[in-house]
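Geometric and topological summary
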Amino acid sequence: MDAVTQQPIVVLRGMQEADLAAVLAVERCAYTAPWSEGIFRDCLRVRYRCLVAEYADVVVGHGVMSVAAGECHILNLCVHPDLHGRGIGRRMLRRLLALARQDEADTAFLEVRASNAGAIALYQSEGFIEIGLRRGYYPGPHTKNRRREDALAMARAL
Ligand SMILES: CC(C)(COP(=O)(O)OP(=O)(O)OC[C@H]1O[C@@H](n2cnc3c(N)ncnc32)[C@H](O)[C@@H]1OP(=O)(O)O)[C@@H](O)C(=O)NCCC(=O)NCCS
């Protein structure tokens, strides 16, 4: 509990298998094409950096990053829609980048849907710049007319 505001504090910690049901619940309400449980399990198994954000002891966000050969890739960054705009996404991103520095990465990469203005604004404000466009990179929403969507590739030095 925050001593000044009496609000629960958001805590960041490593993701564990026991978190997966809660992580999937957040993932499914935040994305039109959510990751499967198997993808998260694989990320934990290969020891990617996987974080959760907890608010009042409830998992409300997650972040996943791979680090290898001096590069990190932010693979997932997600906050429950009810808690958007409270700085949780930025905190998780900064924590992931700090972990990447610890792991001796010198460059960070990510892809983001070209239509995802909120996430792009966050990444730009954290120093990421656009380095390319990947056409048809993302699956469309799960509707009949599921046109694939372009991704912006972004990067920053660490
Ligand atoms: C992208 C996401 C993780 C941001 O998390 P968040 O906790 O809402 O973000 P924060 O409160 O930390 O906001 C950080 C900055 O992001 C930008 N931002 C976030 N949402 C925004 C919106 N809807 N419109 C414009 N800018 C936005 C702002 O620059 C904001 O900084 P400010 O508050 O100083 O203006 C969150 O919106 C989310 O989970 N979206 C769905 C999943 C997703 O698209 N993830 C990104 C995959 S690449």
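Just so we're clear, the structure is a prediction, and the values are computed from it rather than from any experiment.

Parameters and conventions
- Residues numbered from 1 in each chain as written.
- Predicted model: local features only at pLDDT ≥ 70, side-chain atom pairs only at ≥ 80, totals over all residues.
- Heavy atoms only, no water.
- Core = buried A, V, L, I, M, F, W, Y, C linked by side-chain atoms within 4.5 Å.
- Buried < 20%, exposed > 50% of the residue type's maximum accessible area, 1.4 Å probe, protein only.
- Helix = DSSP H or I, 4+ residues; strand = E, 2+ residues; numbered from the N terminus.
- Contact = heavy atoms within 4.5 Å.
- Axes fitted to C-alpha atoms, helices over the stretch in contact; angles between N-to-C directions.
- Parallel < 35°, antiparallel > 145°, perpendicular 65-115°, else oblique.
- Left-handed = near helix turned anticlockwise from the far one by under 90°.
- Salt bridge = Lys/Arg side-chain N within 4 Å of Asp/Glu carboxyl O.
- Pairing = 2+ DSSP bridges.
- Arc of directions from axis to C-beta.
- Patch = residues over 30% accessible without salt bridge, like charges linked within 9 Å, V, L, I, M, F, W, Y side chains within 5 Å.
- Areas by Shrake-Rupley, 256 points an atom, 1.4 Å probe, with all protein chains shown as cover.

Okay, the nonpolar core next. Counting residues in hydrophobic clusters, the biggest one holds 30 residues, and the most contacted among them are Leu93, Val112, Tyr123 and Phe128. In terms of residues, this core owes the most to one element, helix α3 (residues 88–102), which gives seven residues. Residues in contact with Phe128, not counting those within four places in the same chain, are Leu93, Leu97, Ala108, Phe109, Leu110, Tyr123, Met154, Ala155 and Arg156.

Further remarks concern the packing of α3 against helix α4 (residues 117–125). At a minimum axis separation of 11 Å, α3 and α4 run at an interaxial angle of 45 degrees. The angle between α3 and α4 falls in the class oblique. Relative to α4, the crossing made by α3 is right-handed. Contact residues: α3 offers Gly89, Arg90 and Leu93, while α4 offers Leu122, Tyr123 and Ser125.

Right, let's talk about the pattern of salt bridges for a bit. A full pass over the atoms with the stated rule returns eleven salt bridges. Between Glu126 and Arg94 there is a salt bridge, and its shortest N-O distance comes to 2.9 Å. Placement of Glu126 in the loop between α4 and β6 (129–138) and of Arg94 in helix α3 is noted, with a sequence separation of 32 residues between them. A relative accessible area of 47% means that Arg94 is categorised as partly exposed.

With that out of the way, let us pick up unusual backbone geometry. Residues other than glycine predominantly adopt negative phi, and peptide bonds predominantly adopt the trans conformation. Within the chain, Arg47 stands out as a residue other than glycine whose phi angle is a positive 60 degrees. Mapped onto the elements, Arg47 comes out in the loop between α2 (37–45) and β2 (49–55). Its relative accessible area of 73% is what places Arg47 among the exposed residues.

A separate point is the sheet that holds strand β1 (residues 10–14). Strand order in the open sheet made by the seven strands is β1-β2-β3-β4-β5-β7-β6, with mixed pairing throughout. Each edge of the open sheet carries a strand with a single partner, namely β1 and β6. Here the strands of the sheet are splayed against their neighbours by 25 degrees on average, with no regard to which way each runs. Where β1 lies against β2, five bridges are found, and the strand directions are antiparallel. Opposite Gly14, over in β2, you have Leu51 as the bridge partner. Running at roughly 160 degrees to strand β4 (residues 71–79), α3 makes contact with β1, β2, β3 (58–68), β4, β5 (107–113) and β7 (149–157) of the sheet.

A separate point is α2. Inspection of α2 places Phe40, Cys43 and Leu44 among the buried residues, and these make up the whole buried set. Buried residues along α2 cover an arc of 100 degrees about the axis, so they all sit on one side. Buried residues along α2 sit in contact with α1 (20–30), β2, β3 and β4. Count one or two residues on from α2 and you reach Arg47, which has phi positive near 60 degrees.

Right, let's talk about a nonpolar patch on the surface for a bit. A cluster of nonpolar residues, Val46, Tyr48 and Leu75, forms a patch on the protein surface that exposes about 230 Å² of accessible area. Structurally, Val46 is set in the loop between α2 and β2. By relative accessible area, which is 42% here, Val46 ends up partly exposed.

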